[in-house]
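# A structural walkthrough
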Amino acid sequence: MPVNAMKRYLALFLTLCLILCSCAPGGSNGSASDKNSHSNTSFQEYTDALFRESVSSDALSLNYSLAHPENYGISKTAGGFPPLSVSETAQVSSEYENALAKLESFDRSSLSESEKILYDNLKHTLEMNQKGEDFFLFSRPFSPVTGLQAQLPVLLAEYTFDCREDIENYFTLLRSIPSYFESVLVFYDHQEKAGLLPCRSTMSHILEQCQTFLSDKGWKLLLTSFRSRIEACDFIDQEEMLRYRKENKSLIKKEFVHAYENLAAGLNSRLDSCPENGALCSYQNGEQYYRYLFADESGSSRGPEEYLKLLKAQLKKSKETLLAYAKKDASLFANLNLSPGKGLTPEQQLEHLTTAIKDDFPEIKEVGYKVSYVDPSLEDYLSPAFYLTPPLDAYDENAIYINGSDRFAGTDLFTTLAHEGYPGHLYQNVYDRSQNHPLLSYALNFNGYTEGWATYAEIYSYKYLGYKKEEIGILRNNMIVSLCLYGICDIGIHLLGWSADDVYAFLLQNGSYDRETSDSLYENIIDEPGSYLKYTIGYMEFARLKKTAKSHQGDSFSEKEFHRYVLSAGPSAFSVLEDHLTDQ
């Protein structure tokens, strides 16, 4: 999850790189065939250059993207977070057309299959950014769960030190945080003038998060984690280690903590300017923005109205399936709450999954992983679990975080680990890295694919829990019902203007929900517009692709080969993925 946040942060920089490359001088003489030949031989050079520029935009991006940047012609030294600038973004937005023209100067027909997929995905990304030009002031740099301020402590705690430059880059990052946070507060001033500030409840949730982080001294995580990482560095002596620890302690207390204190004060001073209603459709041009956000988050070419019908149809179908199971044998529901992983450690559950999936999913190389628990000071504002994507050139070691908050006490850890580990994020990432796609493929971001795949994997994993076929069907359809409810509520709130009462009424029509649960869902969707779409719509798109493949292949259809196909293409827009399937 956090890497997605970084990739969103990288989006503007990647656009700048594209524009700079698109404006590069080039020869105008020669025949069309000569131009095409030159164009195709330089496509890799062009996209590799974009990759190098994008991953080295700041020290955090570089550290999480590459363990050995020098092997890619990239300097080990990188800067901090550049301040958010409305004026610079306005200047950049007018150049998307030039960037698209540069891309289209390459002869797509003579590219390799993986290069064609990159070409199509890059074009999709640029076109989406072009459509999003008018919505920049709707951006949410900070939000309760996916905002940078929420994820930064964990990202910094997992920052790796492989050389002295890594340590110095880390300190540069810490020094840049106050100015970046301040630039976001200035961005809020621009939003206030445009009437686009987040609503009061969302701003309050971000403020409460910062206050809790400070009062619980959650920043101490960055002292203890730094100490353990720096003591493992065999390239520095004892004197250097003590000096680095002293400098880190000073920067955390003077820069990092101060940045969060100033942020909290800035948020508090803006509360009275925030609107009460946070539904996107309540803002001027908010309905148009939600349509853009729907496409961007889901990766689907289908709009919210079409998907509202599809979700309602799937909800009806899954509920009828559950009712049929109940009529056939109500006792099937009796043992479904028993945790199959009870008594097993997370590592043992992951080990079971790595073996259990082998008949249904392509084999991948064996890699290491560690499972850690979220620091208690961060529990209230992070997801139930998340996977940290390792550097492209060092994916042998992976990290999964579990949130031990009481809020997730009823969450099935086994299926959560399937989502984050095998055959979900960790598995998909390792498979993807082993394919040696063009480098830029690994810098583009397709949330609908990555979260849709992990959700598909989670639903699929019920097969490995030791349940009967009918019980598996119940568990899968029950989860699909939940996904449909979340997706419909997201559309209902942000496109149709549903109130908290409307959400509660809708949920009561579709099950037994208390008001507290309903209001919590409403607030989550208000706080993170479109956040459920990548899971719900992403899963629906994978299910649709599978149905299409079954229809075309008939008796020759293979689950394992279908999985190999969608994984081999790599994270993509679903329209690109579907075209790739058609070409096979």
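Relevant structure appears above.
Residues numbered from 1 in each chain as written. Predicted model: local features only at pLDDT ≥ 70, side-chain atom pairs only at ≥ 80, totals over all residues. Heavy atoms only, no water.

Glancing now at the overall build of the chain. When its secondary structure is counted, the chain shows 23 helices and 3 strands. For 584 residues, the compact-globule formula gives about 25 Å, and the C-alpha radius of gyration of the chain, at 24 Å, lands near that figure. Considering only residue pairs separated by 6 or more positions, the chain has 78% of its internal contacts joining residues 24 or more positions apart. In the form shown here, the chain has an accessible surface area of approximately 25,400 Å², with 48% of it arising from carbon and sulfur atoms. Charged side chains of the chain number 53 positive and 80 negative; the gap between the two group centres comes to 3 Å. (Helix = DSSP H or I, 4+ residues; strand = E, 2+ residues; numbered from the N terminus. Rg over C-alpha atoms; globule rule 2.2 N^0.38 Å. Contact = heavy atoms within 4.5 Å. Areas by Shrake-Rupley, 256 points an atom, 1.4 Å probe, with all protein chains shown as cover. Lys, Arg positive; Asp, Glu negative; His and termini not counted. Charge placed at Lys NZ, Arg CZ, Asp CG, Glu CD.)

We now examine the packing of helix α18 (residues 469-494) against helix α21 (residues 533-553). Remark: α18 packs on α21, axes separated minimally by 9 Å, with the N-to-C direction vectors making an angle of 120 degrees. As summarised for this structure, α18 and α21 are arranged oblique, according to the angle between their axes. In terms of crossing hand, the pair formed by α18 and α21 is left-handed. For the pair formed by α18 and α21, the contact residues are Ile480, Leu483, Cys484, Tyr486, Gly487 and Asp490 on the first element and Leu533, Tyr535, Thr536 and Tyr539 on the second. Among the residues forming the contact of α18 with α21, the class breakdown is 7 nonpolar, 2 polar and 1 charged. (Axes fitted to C-alpha atoms, helices over the stretch in contact; angles between N-to-C directions. Parallel < 35°, antiparallel > 145°, perpendicular 65-115°, else oblique. Left-handed = near helix turned anticlockwise from the far one by under 90°. Nonpolar A, V, L, I, M, F, W, Y, C, P; charged D, E, K, R; others polar.)

With 13 residues, helix α12 (residues 286-298) extends 18 Å from end C-alpha to end C-alpha; this agrees with the ideal 18 Å at 1.5 Å per step. Within the sequence span of α12, burial applies to Gly286, Tyr289, Tyr290, Tyr292, Leu293, Phe294, Ala295, Glu297 and Ser298. (Expected span 1.5 Å × (residues − 1). Buried < 20%, exposed > 50% of the residue type's maximum accessible area, 1.4 Å probe, protein only.)

Moving on, we get to the pairing of strand β3 (residues 397-402). Where burial is concerned, most of β3 is hidden: 5 out of the 6 residues are buried. Strand direction decides the pairing type here: strand β1 (residues 368-373) and β3, joined by 6 bridges, are parallel. By the bridge assignment, valine 371 is partnered in β3 with isoleucine 400. Relative to β3, strand β2 (residues 385-388) is paired through 4 bridges, and the arrangement is antiparallel. Across the sheet, the residue bridging to alanine 385 is isoleucine 402, located in β3. (Pairing = 2+ DSSP bridges.)

This next bit is on the sheet that holds β1. Reading across the sheet, the 3 strands line up as β1-β3-β2 and stay open at both edges, with mixed pairing between neighbours. Taken across any chain shown, the strands that pair with only one partner, and hence form the sheet edges, are β1 and β2. Put simply, the sheet's adjacent strands are angled 20 degrees from each other on average, direction ignored. Packing against the sheet, helix α16 (residues 425-433) makes contact with β1, β2 and β3, and its axis sits at approximately 160 degrees to β3.

A cis amide bond links tyrosine 422 with the next residue in sequence, proline 423, at an omega value of 5 degrees. Structurally, proline 423 can be placed in the loop between α15 (413-420) and α16. Phi is positive for asparagine 285, which is not a glycine, with a value near 65 degrees. The class of asparagine 285 is partly exposed, set by a relative accessible area of 41%.

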